[in-house]
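A look at the structure
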Amino acid sequence: MDRQDRTQVLARTALALMGERGVAPTPENYQLFYVFASGDNPLMSQSMAQRIATSEPFTPETLETLRTRFMGGGRLEENVQTIGAEFVDSVNAMLAQLADAKKDTVAYGRTLTAASGVLLGDQSPADLELLVTSLLGATRAMETRAKNLESELQRSSLEVTDLRAKLDDVRKEALTDPLTGIANRKALDVELARAIEQSQTRNEPMCLLMCDIDHFKAFNDSWGHQTGDQVLRLVANCLSENVKGRDTAARYGGEEFAVILRQTPLGAAVTLANQIRAHVQSKKLVKRSTGDILGTLTISVGVSQLTPEDGAAELIHRADSCLYAAKNTGRNRVVGDTDIVLPASRGAAA
């Protein structure tokens, strides 16, 4: 099936599901059900599938919760548009102030030119006194306008600075996974490209870890998606606690995570991966609502080291192959890219 055919099938599926569940056919709701039908967001698909299986209604509140939890991009786009409009307003106001100041300066210049022409002629003392009084008035008015302009420009500058800070916050939010608080896939792609370029330029070692939570689907099925979210946050915290400031821990997608290790050879990366694995295994998973201990959590990790020929895709592919070799050989273990000969299959169970 080509891309266009698949798109049409997904569109029909999404609309049919919305009709069956009595969901209003708005663009926002359609986007939600289209992504569900595509399976591109596994956690969202699991949450919606469970609701459909148990015939739970998709109320407006439920739909908004799903969008906020799994598809925060719309809110980010709205924030960017709002801040952008405010930024344009501030700049336009500043330009208008400068235009008015230019007009005032031109008018003052004409006054001075006219005064200099008068001074070249024969003037009585009374006329000179009147001219001086007029020039003093024009100069004082110009000083007042200059002070007002300075005050207005200072206020506009503060507004622009504040908007710049807001845009920076939005940028950070756009690069952060809303559930776990660590970097998201977009941020990982950006940082990985930078790390590869730096490693190859400086001839420094660099490694990538790909981590996957063992039996994650079983946690969701047995204890519900809120517990699944708790598991994801716990693993993210373990990653953050074990990486240096120059390194990047990110949620790759679903229950899969990645860690970029700059200036790190394979042996040290494998050691760190085992440290993270042991850290995760040492945690007690407790259901917050009941206090029940749910058991031990484990992860499998694949490690690849950058070679001179690698791009991001090759580095990820080898780390991914190592990850699934770890899962295929028992889980709760670390496999480096010198430990396997044949590529591992993604057919391993989660």
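Residues numbered from 1 in each chain as written. Predicted model: local features only at pLDDT ≥ 70, side-chain atom pairs only at ≥ 80, totals over all residues. Heavy atoms only, no water.

**A short note on the overall build of the protein**
The following threshold applies: The helix and strand labels rest on DSSP assignments: H or I over at least four residues marks a helix, E over at least two residues marks a strand, and numbering proceeds from the N terminus. Relative accessibility thresholds used throughout: buried, under 20% of the residue-type maximum; exposed, over 50%; partly exposed, between the two (1.4 Å probe, protein chains only). Accessibility throughout is a Shrake-Rupley quantity obtained with a 1.4 Å probe, and a residue counts as covered only by protein chains that appear here.
Across its full length, the protein holds 11 helices and 7 strands. Taking all 350 residues of the protein together, 39% fall into the buried category. By element, 54% of the accessible surface of the protein is carried by carbon and sulfur atoms, the whole surface being about 19500 Å².

**With respect to the environment of Gln 281**
Note the following rule: Two residues form a contact once any of their heavy atoms are found within 4.5 Å.
Along the chain, the position of Gln 281 falls in helix H10 (residues 266-281). For the pair formed by Gln 281 and Asn 332, sequence separation is 51 residues and the distance between their alpha carbons is 8.5 Å. For Gln 281, the contacting residues outside a window of four places in its chain are Thr 296, Leu 297, Thr 298 and Asn 332.

**Some points on the pattern of salt bridges**
The cut-off we apply is this: Any carboxyl oxygen of Asp or Glu within 4 Å of a side-chain nitrogen of Lys or Arg constitutes a salt bridge here.
What the rule picks out here adds up to 9 salt bridges. Among the ionic pairs, Lys 327 bridges to Asp 214, the shortest N-O distance being 3.0 Å. A residue pair is termed long-range when its members are at least 10 positions apart, and Lys 327 in helix H11 (residues 312-328) and Asp 214 in the loop between strand S1 (206-213) and helix H8 (216-223) qualify at 113 residues. For Asp 310, the salt bridge identified is with Arg 318, shortest N-O distance 2.9 Å. For Asp 310, a relative accessible area of 9% corresponds to the buried category. Taken together, the shared-partner salt bridges connect Glu 191, Arg 194 and Arg 262 into one network.

**A closer look at the nonpolar core**
A general feature of soluble globular proteins is that nonpolar side chains tend to end up buried together. To be explicit about the condition: By convention a nonpolar core is built from buried Ala, Val, Leu, Ile, Met, Phe, Trp, Tyr and Cys residues, the set being connected through side-chain atoms within 4.5 Å.
With 34 residues, the main nonpolar core has Leu 209, Ile 213, Phe 257 and Val 303 as its most contacted residues. The set of elements that each furnish at least two residues to this core consists of S1, H8, helix H9 (225-242), strand S3 (256-262), H10 and strand S6 (299-305). The element best represented in this core is H9, accounting for 7 residues. When residues no more than four places from it in sequence are discounted, the contact partners of Leu 209 are Phe 257, Ala 258, Val 259, Leu 261, Ala 269, Ala 273, Ile 276, Val 301, Gly 302 and Val 303. Ile 196, Met 210, Ile 316 and Leu 323 belong to the second largest nonpolar core, which has 19 residues in total.

**Here's the deal with the packing of H9 against H10**
Basically, it comes down to this: Think of each axis as a best-fit line through the C-alpha atoms, taken over the contacting stretch in the case of a helix, with angles from 0 to 180 degrees between the N-to-C directions. Roughly parallel means an angle under 35 degrees; roughly antiparallel, over 145; roughly perpendicular, 65 to 115; everything else is oblique. A crossing counts as left-handed when the near helix is turned anticlockwise from the far one by less than a right angle, and as right-handed when that turn is clockwise. Asp, Glu, Lys and Arg are counted as charged, while Ala, Val, Leu, Ile, Met, Phe, Trp, Tyr, Cys and Pro are counted as nonpolar; the rest, among them Gly, fall into the polar class.
Here H9 crosses H10 at 140°, and the two axes come no closer than 10 Å. The orientation of H9 relative to H10 falls into the category oblique. The chirality of how H9 crosses H10 is right-handed. Residues Val 235, Cys 238, Leu 239, Glu 241 and Asn 242 of H9 form the contact with H10, whose participating residues are Leu 272, Gln 275, Ile 276, His 279 and Val 280. The class makeup of the residues in the contact of H9 with H10 is 6 nonpolar, 3 polar and 1 charged.

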